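Architecture at a glance
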Amino acid sequence: MNIALLTHEFALAGIALLIFILDLSGAGKKVTGRVFTFSMLALLVYVALSRKDGVILNGAYTADGISWFAKLIFLSGAFLTGMLSTDTLKLSDKRAGAYYFLLASSVLGMMFLASSKELITLYVSLELATISLYALAAIYREEVLSLEAGIKYLILGAVSSGILLYGLSLVYGVTGTTYLEKILFYTSANGFQPVFVLAVIMVILGIGFKLSMVPMHVWTPDVYQGSPTPVTAFISVASKAAGFIFAVRLLSYTLIKAGFVWEPILAVLAFLTMTIGNLIAIPQKNMKRLLAYSTISQAGFLLVGFIGAPVIGVSSVMFYLMAYTVTNIAAFGVVAVFEKSTGSNEIDDYAGLAQTQPVLALTLMVALLSLAGIPPLVGFAGKFYLFYAAMEKGYLWLVIAGALNSTISLYYYLLILKRLYIWDKSKTSTLPKVHVPAMVTAALIICCVAMLAMGILPGFVIDITNAAAEGMFRP
Amino acid sequence: MTITLAHYVVLSALLFAIGIIGILTRRNAIGILMSLELLFNAAAINMVAFSKYLTPSEIYGDIFTIFIIAIAAAESVLGLAIILAMFRKRETVNADEMNIMKY
């Protein structure tokens, strides 16, 4: 057994333990925060440079292109979240260690998830990633909003995980194995069985929670609003990416023979997710709630690509997840510093930000335009590729619906930008001036550069995701 | 009467249904957590029964059940901890009153 394949996970577990020990020895939040952030950066570079391929544990654990790229997404999300956290968290020195430890263990769960090809491993790593996030959502235990976010996240998350588990138990009951390869072999050899319909619906509902897909989206706005803003940023990017990796492994790869069941279901749900998310976003007054509904609609766009032709669909989803990570963290980074300085998340309070903090306002504009899919930013290239994948499969109606939804989303993003740049000059804001800490500035610069670079030259990243997706489907 | 696989599957389906109904109708957050346990137990019974009747020579279902029990315990502990912190702030464990954020 080639234990070297697990080096990345062992390194991350070591980092988590190091933070734990630092916390016990009384290091403050500045120290643990910087240790977390820079070790995430080091690990990100290490994973990017040392790609390993192979299979261990009888096929339960696979290192391939998809898992490698997914780990890059999770680690960039964790690194950028760490940069946002160090100066914007309202935690005491005593509790900050727990915060970074939970963040590291959540990333560890996601990294295991990306490599698992066996139901038990998949389920346990999914829960490691999610249970850490429940605790993170409720980490401001003096604030009722944060506690309410935590309890809502936990109860709805546990319901969906119970449904997912029941679906997985049915898959096990039909095939008699928990290994994805053997399940794929079974479905190829024995054809389709009716009980798979029930299993697939339950699995879709279970994963739908992680993706914030209609009808499992109701938790999203409440959890996003109540959680600490850096945690919201992390949930919105990394947890969604983990859900899509799970879906890619289980639906597009293992249950591809049951595609005629899940494809039409997901096509309808993708349409509903985009439309409902966008329409409810329009009247929102709270910035974090608005971004929550915007991430619901983004999940709809991702699903459009997901049901596309196998290889290109997976490739487009991976590319968009990377694009979405840098874009959304930039948006939430601006929200985090604004909230830290002014204590407000109301969109009306953003009025005139372009005058007091022109660069911050510009960053928010770049992020929102990228979310809306305006060239030359990466959101455009990503959405174009997602729609292209769906067209390859012939989902013309869905692509038209997606294009219309892009336009609706542009409307409410422009409503925010209008407040930033055109405001009532007679009413001078009474809120304190927004202060941007150095770490957050660095994170925002990284995000903006990535948005522009990947938007102007998407080919580099698309080549990588294409190769990764082809590698997964090659027998 | 001999107990067959069908009995176990019906039992687990019933437990699952009771759990879902409990989550939808309970007002007390502790009651919701208890109904959640039923969901996990339903899946666990399925796993053990399939393992016993379909693949008696292998133990994947049994191992899965042990992990399900551990994870369900972790989830309940965290849920109780958050409910306790909530109770300290608001003096209630009623799920209907956890409604500061809506729409």
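An account of the accompanying structure is given in this report. (Residues numbered from 1 in each chain as written. Chains lettered and ligands numbered in written order. Predicted model: local features only at pLDDT ≥ 70, side-chain atom pairs only at ≥ 80, totals over all residues. Heavy atoms only, no water.)

**Notes on the overall build of chain B**
In terms of regular secondary structure, chain B is built from three helices and zero strands. Along the chain direction, N to C, the helices and strands of chain B fall in the order α-α-α. In summary, chain B has a C-alpha radius of gyration of 17 Å against a globular reference of 13 Å for 103 residues, an excess of more than 25%. Judged by the C-alpha coordinates and their principal axes, chain B covers about 50 × 25 × 25 Å. (Helix = DSSP H or I, 4+ residues; strand = E, 2+ residues; numbered from the N terminus. Rg over C-alpha atoms; globule rule 2.2 N^0.38 Å.)

**Some words on the layout of surface pockets**
When its volume is computed, the largest pocket comes out at roughly 560 Å³. Lining the largest pocket are 21 residues, with Ile155(A), Leu156(A), Ile23(B), Leu24(B) and Ile32(B) sitting closest to its centre. The set of elements that each furnish at least two residues to the lining of the largest pocket consists of helix H6 (144-175) and helix H8 (195-211) of chain A together with helix H1 (5-25) of chain B. The element contributing the most residues to the lining of the largest pocket is H6(A), with six residues. Split into classes, the residues belonging to the lining of the largest pocket amount to 17 nonpolar, no polar and four charged. (1 Å grid on protein atoms, 1.4 Å probe; cavity = no way out; pocket = protein on both sides within 12 Å on 5 of 7 lines; lining within 4 Å. Points joined across faces, edges and corners; volume = space filled by probe spheres on them. Nonpolar A, V, L, I, M, F, W, Y, C, P; charged D, E, K, R; others polar.)

**Description of the packing of helix H5 (residues 119-137) of chain A against H6(A)**
How two helices sit against one another is set out by the angle between their axes and by the gap between those axes. All names here are of chain A. Taken N-terminus to C-terminus, the directions of H5 and H6 make an angle of 170°; their axes are 9 Å apart at the nearest point. By the angle class used here, H5 and H6 are roughly antiparallel. Residues Leu-119, Tyr-123, Leu-126, Glu-127, Leu-133, Tyr-134 and Ala-137 of H5 pack against Ser-146, Gly-150, Tyr-153, Leu-154, Gly-157, Ala-158, Ser-161, Leu-164, Leu-165, Leu-168 and Val-171 of H6. Considered class by class, the residues forming the contact of H5 with H6 number 13 nonpolar, four polar and one charged. (Axes fitted to C-alpha atoms, helices over the stretch in contact; angles between N-to-C directions. Parallel < 35°, antiparallel > 145°, perpendicular 65-115°, else oblique. Contact = heavy atoms within 4.5 Å.)

**Considerations on unusual backbone geometry**
Residue and element names in this part refer to chain A. A cis amide bond links Val-214 to the next residue, Pro-215, at an omega of 5°. As for its position among the elements, Pro-215 is in the loop between H8 and helix H9 (219-226). The residue after Pro-375, namely Pro-376, is reached through a cis peptide bond having omega 10°. By the secondary structure assignment, Pro-376 is in the loop between helix H15 (358-372) and helix H16 (378-392).

**A closer look at the packing of helix H11 (residues 259-281) of chain A against helix H17 (residues 396-421) of chain A**
Residue and element names in this part refer to chain A. Contact pair H11 / H17: the axes reach a minimum separation of 9 Å and the direction vectors enclose 15°. The pairing of H11 with H17 is recorded here as roughly parallel in orientation. Along this stretch, H11 crosses H17, giving a crossing that reads as left-handed. On the side of H11, the interface is formed by Ala-267, Val-268, Phe-271, Met-274, Thr-275, Asn-278, Leu-279 and Ala-281, while H17 contributes Trp-397, Leu-398, Ala-401, Gly-402, Asn-405, Ile-408, Ser-409 and Tyr-412. (Left-handed = near helix turned anticlockwise from the far one by under 90°.)

**A short note on a nonpolar patch on the surface**
Residues and elements named next belong to chain A. Side chains of Met-1, Ile-3, Phe-10 and Leu-57 sit close together on the surface and give an oily, nonpolar patch of about 450 Å² of accessible area. Within the secondary structure, Leu-57 is located in the loop between strand S1 (54-56) and strand S2 (61-63). The partly exposed category is assigned to Leu-57, whose relative accessible area is 44%. (Patch = residues over 30% accessible without salt bridge, like charges linked within 9 Å, V, L, I, M, F, W, Y side chains within 5 Å. Areas by Shrake-Rupley, 256 points an atom, 1.4 Å probe, with all protein chains shown as cover. Salt bridge = Lys/Arg side-chain N within 4 Å of Asp/Glu carboxyl O. Buried < 20%, exposed > 50% of the residue type's maximum accessible area, 1.4 Å probe, protein only.)

**Here we look at the environment of Val218(A)**
Residues and elements named next belong to chain A. By the element assignment, Val-218 lies in the loop between H8 and H9. Residue Val-218 is classed as exposed on the basis of its relative accessible area of 52%. Sequence-wise, Val-218 and Thr-177 are 41 residues apart; in three dimensions their C-alpha atoms are separated by 34 Å.

**Quick look at the nonpolar core**
Soluble, globular proteins show a tendency: their nonpolar side chains are buried together. Residues and elements named next belong to chain A. Ranked by size, the top nonpolar core spans 213 residues in total, and within it Phe-74, Trp-262, Phe-306 and Met-451 carry the most contacts. Take this core: its biggest share by element is 19 residues, from helix H13 (residues 310-342). Apart from residues lying up to four places away in sequence, Trp-262 is in contact with Val-200, Ile-204, Leu-251, Ser-252, Leu-255, Phe-306 and Ile-307. Counting residues in hydrophobic clusters, the runner-up holds five residues, among them Leu-5, Leu-6, Ile-56 and Tyr-61. (Core = buried A, V, L, I, M, F, W, Y, C linked by side-chain atoms within 4.5 Å.)

**Observations regarding helix H19 (residues 459-473) of chain A**
Since the α-helix turns once every 3.6 residues, residues separated by three or four places project in the same direction. Residues and elements named next belong to chain A. Taking 1.5 Å of rise per residue, the 15 residues of H19 would be expected to cover 21 Å, and the 21 Å separating its terminal C-alpha atoms lies within 8% of that figure. Those residues of H19 not exposed but buried are Val-461, Ile-462, Thr-465, Ala-468, Ala-469 and Met-472. Around the axis of H19, the buried residues are gathered within 125° of arc, so they sit on the same side. For H19, exposure combined with an orientation more than 90 degrees from the buried face picks out Phe-460 and Asp-463. Elements that come into contact with the buried residues of H19 comprise helix H3 (65-88), helix H10 (229-254), H13, H16 and helix H18 (438-456). (Expected span 1.5 Å × (residues − 1). Arc of directions from axis to C-beta.)

**Considerations on the packing of aromatic side chains**
Applying the stated rule across the entire model yields 25 aromatic pairs over all chains. Each ring, one from Tyr123(A) and one from Phe64(B), has its centre 6.0 Å from the other, and the planes form 45°; the classification is tilted. Taken as a pair, Tyr123(A) in helix H5 and Phe64(B) in helix H3 (residues 60-90) lie in two separate chains rather than in one. As far as burial versus exposure is concerned, Tyr123(A) and Phe64(B) are alike and both buried. Where Tyr134(A) meets Tyr153(A), the ring centres are 5.1 Å apart and the plane angle is 85°; that geometry is what we call edge-to-face. (Phe/Tyr/Trp six-rings, centres within 6.5 Å; stacked < 30°, edge-to-face > 60°.)

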